[in-house]
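The chain contents come next:
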Amino acid sequence: MKTAGSNAGLSRRSFAGLTLGTAGLFALPGLAACARLPTSGTSPVDGLPRSRPETHGVDPQAILAFLDEVRGAGLELHSFMLSRGGDVIGEGWWAPYRGDRPHMMHSLTKSVAVSGVAIAMDEGLFGIDDKVISFFPDELPEAVSDNLAAMTVRDLLTMRTGHAKEISGSVWRQIRTSWVAEFFKVPVVHAPGTRFVYSSAASFMLSAIVTKVTGQTLRDYMEPRFFKPLGIAGLSW
């Protein structure tokens, strides 16, 4: 589920359809027609089981009331899926989004990336308390501060790098030189591990570490270990 702050929200896009388990397609104000997904058993599309909301003690009207509140609050959802007891009991999409259409996931990628880091650590490729600078001796600045030298993989994972402010991925995408070298240029003004500052740069460095120790991109490293076992295919990284 992706939300945005636009107050135009649902008024700009029609809700493409809502399926509530085996209850079928429910009509909501402004609903457009949509193809019905499997409403019982296991979906051949995503492998997730479906069942009726009532089977899991959920009133379908409560789900509809939630969506009414979302619309009333001016929130913009791209999709909605409700799971209970391992079964999908409600799902829907707002046009132009569909269940079979790839969707940009933005920073959800961070959660996927740290899963790859955890796999690499489990395989003994590096440790959570290894120093970040130890992986990139050829890309360090001339002067390495004590705080930078103290930064560990754990600090990257917890986004407690010691940086004073957030580093946005949208800014770094404009940089044509080494992102690793750029990371080491950022002043580490606080002792690592003491302050949380959300940062896309920390996630990139985790990816860079995996690439350094494996010789593979994080995406390629995770393919046989994460994506393929979970049946995740057709993704772009």
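An account of the accompanying structure is given in this report. Note that the structure is predicted; figures quoted are calculated from it, not measured.

**Digging into the packing of aromatic side chains**
For any pair of aromatic rings, geometry is given as the distance between the ring centres together with the angle between the planes.
Okay, so step 1: Here the structure, examined in full by the defined rule, presents 7 aromatic pairs.
Okay, so step 2: Through a chain of ring-to-ring contacts, three or more aromatic side chains come together here, namely Phe 126, Phe 135, Phe 136, Phe 183 and Phe 184.

**Focus: helix 8 (residues 218-227)**
Okay, so step 1: Among the residues of helix 8, Leu 218, Arg 219, Tyr 221, Met 222, Phe 226 and Phe 227 are the ones counted as buried. Along the axis of helix 8, the buried positions cluster into a sector of 155°, meaning they face one direction only.
Okay, so step 2: Residues of helix 8 that are buried make contact with helix 2 (108-122) and helix 7 (200-214).

**Here we look at the nonpolar core**
Okay, so step 1: In this structure, Phe 126, Phe 136, Leu 156, Phe 184 and Met 205 are the most contacted members of the largest nonpolar core, which totals 32 residues.
Okay, so step 2: Elements supplying a minimum of two residues to this core: helix 2, helix 4 (153-157), helix 6 (179-185), helix 7 and helix 8.
Okay, so step 3: A total of 7 residues in this core trace back to one element, the largest contributor, which is helix 7.
Okay, so step 4: For Phe 136, the residues in contact, after removing those within four places along its chain, are Val 180, Phe 184, Met 205, Ala 208, Ile 209 and Lys 212.
Okay, so step 5: Within the second largest apolar cluster, 8 residues are counted, among which are Val 70, Leu 77, Phe 80 and Ile 89.

**Structural notes on the pattern of salt bridges**
Okay, so step 1: Enumeration according to the criterion identifies 8 salt bridges in this entry.
Okay, so step 2: The salt bridge involving Arg 98 is made with Asp 100; its shortest N-O contact spans 2.9 Å.
Okay, so step 3: Residue Arg 98 is classed as partly exposed on the basis of its relative accessible area of 47%.
Okay, so step 4: Of the charged contacts in the structure, one is a salt bridge between Asp 129 and Arg 154, with a shortest N-O distance of 2.9 Å. In this pair, Asp 129 is assigned in the loop between helix 2 and helix 3 (146-150) and Arg 154 in helix 4, connecting sequence segments 25 residues apart.
Okay, so step 5: A residue is classified by how much of its surface remains accessible, and Arg 154, at 34% relative accessible area, is partly exposed.

**Digging into unusual backbone geometry**
Okay, so step 1: Cis geometry marks the peptide bond from Ala 95 to Pro 96; its omega dihedral reads 10°.
Okay, so step 2: Assignment of secondary structure puts Pro 96 in the loop between strand 8 (87-94) and helix 2.
Okay, so step 3: Despite not being glycine, His 106 shows a phi value in the positive range, around 50°.
Okay, so step 4: Note that His 106 resides in the loop between strand 8 and helix 2.
Okay, so step 5: Look at Met 159: it is not a glycine, yet its phi comes out positive at around 55°.
Okay, so step 6: Tracing the chain through its elements places Met 159 in the loop between helix 4 and helix 5 (169-172).
Okay, so step 7: By relative accessible area, which is 9% here, Met 159 ends up buried.

Procedures and definitions
- Residues numbered from 1 in each chain as written.
- Predicted model: local features only at pLDDT ≥ 70, side-chain atom pairs only at ≥ 80, totals over all residues.
- Heavy atoms only, no water.
- Phe/Tyr/Trp six-rings, centres within 6.5 Å; stacked < 30°, edge-to-face > 60°.
- Buried < 20%, exposed > 50% of the residue type's maximum accessible area, 1.4 Å probe, protein only.
- Helix = DSSP H or I, 4+ residues; strand = E, 2+ residues; numbered from the N terminus.
- Arc of directions from axis to C-beta.
- Contact = heavy atoms within 4.5 Å.
- Core = buried A, V, L, I, M, F, W, Y, C linked by side-chain atoms within 4.5 Å.
- Salt bridge = Lys/Arg side-chain N within 4 Å of Asp/Glu carboxyl O.

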